[in-house]
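Chain and residue survey
Spelled out, the chains give:
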Amino acid sequence: MQSIKSIFPMSLAIGALLMSSFNLVAEESSAVLKPKAPYVPVAPLLPPTFLSESWKQPPVLGQRPASQDAVSSSKLELGLYGKDAKNIQL
């Protein structure tokens with residue numbers, strides 16, 4: 001017959017093994033039961049606007065070519081570059 005001193009460590013190890021396997025099963029089942037939160041996209045953080053310019057409204061409605069006359073501030077120069085610069089409309 002085995003003594004209690006040799007059976008106790010074995011039973012302690014078996015108990016610990018059973019408890020750890022029970023925890024793994026419990027974690028897996030709780031992960032399955034919990035619905036995931038829906039994905040919500042986050043808007044990118046943009047720097048504050050330090051310059052804003054509005055265009056002068058023409059007396060005639062409709063599109064017109066962009067020109068220096070359409071800029072409201074006389075201190076701001078309008079520069080259009082490229083081969084299609086003359087085709088820019090306001």
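Scroll up to find the structure.
Described in the following lines is the structure provided in the data block. Owing to the predicted nature of the structure, the values given are computational and were not obtained by experimental measurement.

Now for the overall build of the chain. A tally of regular secondary structure across the chain gives one helix and zero strands. Counting every position in the chain, which comprises 90 residues, the buried fraction comes to 4%.

This paragraph deals with the environment of glutamate 77. Relative to the helices and strands, glutamate 77 resides in the segment after helix H1 (4–33). A sequence separation of ten residues divides glutamate 77 from serine 67, and the C-alpha atoms of the two residues are 9.7 Å apart.

Summarising the element assignment, glutamine 63 is placed in the segment after H1. With relative accessibility at 66%, the residue glutamine 63 sits in the exposed group. Between the C-alpha atoms of glutamine 63 and isoleucine 88, which are 25 residues apart in sequence, the distance is 9.7 Å. For glutamine 63, the contacting residues outside a window of four places in its chain are Gln89 and Leu90.

Rules and cut-offs
- Residues numbered from 1 in each chain as written.
- Predicted model: local features only at pLDDT ≥ 70, side-chain atom pairs only at ≥ 80, totals over all residues.
- Heavy atoms only, no water.
- Helix = DSSP H or I, 4+ residues; strand = E, 2+ residues; numbered from the N terminus.
- Buried < 20%, exposed > 50% of the residue type's maximum accessible area, 1.4 Å probe, protein only.
- Contact = heavy atoms within 4.5 Å.

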